[in-house]
Protein chains: 2
Amino acid sequence: MAPDFFEDPDDTRGEIMQATYRALCEHGYADLTIQRIGDHFAKSKSLLYHHYDGKDDLLVDFLAFMLEQFEADVSREKDDDPVEHLLAIVDHVLQADYGDERAEFSASMVELRAQAAHHPAYREQFSRTDQFFHDRLTDVIQQGINQGMFREADPERVAWLLLATFDGARNGRATSDSFDVAAVRAELETYVTETLLVENHP
Amino acid sequence: MAPDFFEDPDDTRGEIMQATYRALCEHGYADLTIQRIGDHFAKSKSLLYHHYDGKDDLLVDFLAFMLEQFEADVSREKDDDPVEHLLAIVDHVLQADYGDERAEFSASMVELRAQAAHHPAYREQFSRTDQFFHDRLTDVIQQGINQGMFREADPERVAWLLLATFDGARNGRATSDSFDVAAVRAELETYVTETLLVENHP
């Protein structure tokens, strides 16, 4: 299932982003072309060439678009119980069965991320995305500490550890048949409930 | 500094692997060609075309070669204190300053790993590599449990968690300016010494 923000786009950029999402799921990064994105776009393909200098320019904007959607989602979130919230994030990122579409999209994201190793525009975008998710995780952990649920850990450090683990597990799932995502999830749940949580928490 | 096994190759395959290592550090994956590998190879370039069906075929053998070297290294290792051994692995993988050459090589490895998202031969190779490093980590943790140093954790699960964290941190370092490897390392050391280690360990 596609992330909600690729459903029912309400402007041309949103339609381009939806088409890009669908083309990435179908072709992955290496075989992607503006032409193939155009195959999923109802309006004239010349619009794509007008707005973007090639597929990498479009894909960097695609990453920026997703980050904008994540940022907008935060403001709509209710304040959950921090422990439940953190376990829900672990559950969402490391769920056992991704389904084909999410697996395809996730594999494409691994490929996009690898572009950042030598491509400054991708690198700048992933730097922003990392900072965003890190800050979100830090907030949740800080709330848990403030509410006396989590031990006096360093929330910034714990957040980087969690983010590294999430990225490594997503990468492992997309690129290796031996990699055991379920084991990472189980051990991460143990980490949250035994290391982070104070002992007498209900 | 190159891994030892790229120094002083003792046969043609070793020389090809050394040339591939150097070309990867210089060009990364996307701009790599057999021709550019040949620029670092003292013998005739036709040997490269004779042995390999293109750059991906050569790079998959490069990954296989590295795994063979890692496997050979294990048999030469002495039995360290498991806690020291685990902290030394964390230190090696997550050290603060990689240096330019290791950073370039690590960035190339992130790119090679991303090929495994859609390329079965790469995927098969990384599946083997993951299994190898997972089994090594499992052994160290199991030794620590057997010697009463580590708590009764599930060594297989802990090993997958560590491997995911290592891969995510390596990936983050190579693809993002905001990613904080030092924070991951510090929190992982806390995890080893506070969560894994039994409390009254000296």
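None of the values given here were measured: they were computed from a predicted structure. (Residues numbered from 1 in each chain as written. Chains lettered and ligands numbered in written order. Predicted model: local features only at pLDDT ≥ 70, side-chain atom pairs only at ≥ 80, totals over all residues. Heavy atoms only, no water.)

Peer 1: What is the right way to look at the overall build of chain A in this model?
Peer 2: For chain A, the count of helices and strands is nine helices and zero strands. Start at the N end of chain A and walk to the C end: the helices and strands fall as α-α-α-α-α-α-α-α-α. Principal-axis analysis of the C-alpha atoms places the extent of chain A at approximately 60 × 40 × 30 Å. Relative to all contacts within chain A whose residues are 6 or more apart in sequence, the contacts with residues 24 or more apart total 67%. Of the accessible surface of chain A, which amounts to about 9300 Å², a share of 47% is contributed by carbon and sulfur atoms. Each charge class in chain A was averaged separately, 18 positive and 41 negative side chains, and the resulting centres sit 3 Å apart. (Helix = DSSP H or I, 4+ residues; strand = E, 2+ residues; numbered from the N terminus. Contact = heavy atoms within 4.5 Å. Areas by Shrake-Rupley, 256 points an atom, 1.4 Å probe, with all protein chains shown as cover. Lys, Arg positive; Asp, Glu negative; His and termini not counted. Charge placed at Lys NZ, Arg CZ, Asp CG, Glu CD.)

Peer 1: Mind showing me how you'd approach the interface of chain B and chain A here?
Peer 2: Interface size, as often reported, equals the accessible area lost upon joining of the parts. Listed per partner, the contact involves 42 residues of chain B and 42 residues of chain A. For the pairing of chain B and chain A, the buried interface totals around 3700 Å² over both sides, and the portion due to carbon and sulfur atoms is 55%. Scanning the region where chain B abuts chain A turns up four salt bridges. Between Asp177(A) and Arg123(B) there is a salt bridge, and its shortest N-O distance comes to 2.8 Å. The interface formed by chain B and chain A contains 24 residue pairs in polar contact (both at pLDDT 80 or more). If you list the elements that add at least two residues to the side of chain B that touches chain A, you get α6 (100-115), α7 (120-146), α8 (155-175) and α9 (181-196) of chain B. (Buried area = accessible area lost by both parts, 1.4 Å probe. Salt bridge = Lys/Arg side-chain N within 4 Å of Asp/Glu carboxyl O. Polar contact = N/O pair within 3.5 Å; in protein donor to acceptor, adjacent residues only side chain to side chain.)

Peer 1: Just checking my understanding: could you explain unusual backbone geometry for this structure?
Peer 2: Excluding glycine, residues mostly have negative phi values, and the peptide bonds linking residues are mostly trans. Residue and element names in this part refer to chain A. In this model, Asp8 sits at a positive phi of 45°, which is unusual for a non-glycine residue. As for its placement among the helices and strands, Asp8 is situated in the segment before α1 (12-27). Residue Asp8 is classed as exposed on the basis of its relative accessible area, which comes to 71%. (Buried < 20%, exposed > 50% of the residue type's maximum accessible area, 1.4 Å probe, protein only.)

Peer 1: Explanation requested: the relation of the copies chain B and chain A in the structure shown.
Peer 2: For the pair chain B and chain A, the best superposition has an RMSD of 0.0 Å and corresponds to a rotation of 180° with a translation of 0.0 Å parallel to the axis. The superposition operator between the copies reduces to a two-fold rotation axis. The share of interface residues of chain B whose copies in chain A are also at the interface is 100%, consistent with both copies meeting through the same surface. (Least-squares fit on C-alpha atoms with pLDDT ≥ 70 in both.)

Peer 1: I tried to follow a negative patch on the surface on my own but got confused; where do I start?
Peer 2: There is a patch of like negative charges on the surface, built from Asp4(A), Glu7(A), Asp8(A), Asp10(A), Asp11(A) and Glu101(A). Within the secondary structure, Asp4(A) sits in the segment before α1. (Patch = residues over 30% accessible without salt bridge, like charges linked within 9 Å, V, L, I, M, F, W, Y side chains within 5 Å.)

Peer 1: Help me understand the environment of Ala114(B), please; the structure alone is not making it clear to me.
Peer 2: Topologically, Ala114(B) is positioned in helix α6. Exposure remark for Ala114(B): the relative accessible area of 3% places this residue in the buried category. What Ala114(B) contacts, discounting residues up to four positions off in sequence, is Val110(A), Glu111(A), Ala114(A) and Thr175(A).

Peer 1: Looking at this structure, how should I read the packing of helix α1 (residues 12-27) of chain B against α6(B)?
Peer 2: For any two helices packed against each other, one specifies the crossing angle of their axes together with the interaxial distance. Residue and element names in this part refer to chain B. Taken N-terminus to C-terminus, the directions of α1 and α6 make an angle of 95°; their axes are 8 Å apart at the nearest point. As summarised for this structure, α1 and α6 are arranged roughly perpendicular, according to the angle between their axes. Across from Tyr21, Leu24 and Cys25 in α1, the residues of α6 making contact are Glu101, Glu104, Phe105, Ser108 and Leu112. The residue inventory of the contact of α1 with α6, partitioned by class, reads five nonpolar, one polar and two charged. (Axes fitted to C-alpha atoms, helices over the stretch in contact; angles between N-to-C directions. Parallel < 35°, antiparallel > 145°, perpendicular 65-115°, else oblique. Nonpolar A, V, L, I, M, F, W, Y, C, P; charged D, E, K, R; others polar.)

Peer 1: Just checking my understanding: could you explain the pattern of salt bridges for this structure?
Peer 2: Pairing of side chains with opposite charge becomes possible as their charged atoms draw close. Under the criterion given, the structure shown has 24 salt bridges over all chains. One salt bridge in this structure joins Glu15(B) and Lys43(B), with 3.2 Å as the shortest N-O distance. Here Glu15(B) is found in helix α1, whereas its partner Lys43(B) is found in the loop between α2 (34-38) and α3 (46-51), with 28 residues between them in sequence. When salt bridges with common partners are traced through the structure, they connect Arg113(A), Asp130(A), Asp167(A) and Arg170(A) into a single cluster.

Peer 1: I keep staring at the confidence of the model for chain A and nothing clicks. Help me out?
Peer 2: Do not read the predicted coordinates in detail wherever pLDDT is low. The share of residues in chain A with pLDDT of 70 or more is 96%, and the mean pLDDT across the chain is 93. Scored as a whole, the predicted complex attains pTM 0.95, and scored at its interfaces, ipTM 0.94. (pLDDT = per-residue confidence, 0-100.)

Peer 1: Looking at this model, I keep getting lost on the environment of Asp100(A). Mind explaining?
Peer 2: Locating Asp100(A) in the fold gives a position in helix α6 (residues 100-115). Along the backbone, Asp100(A) and Arg170(A) are 70 residues apart, and their C-alpha atoms lie at a distance of 14 Å.

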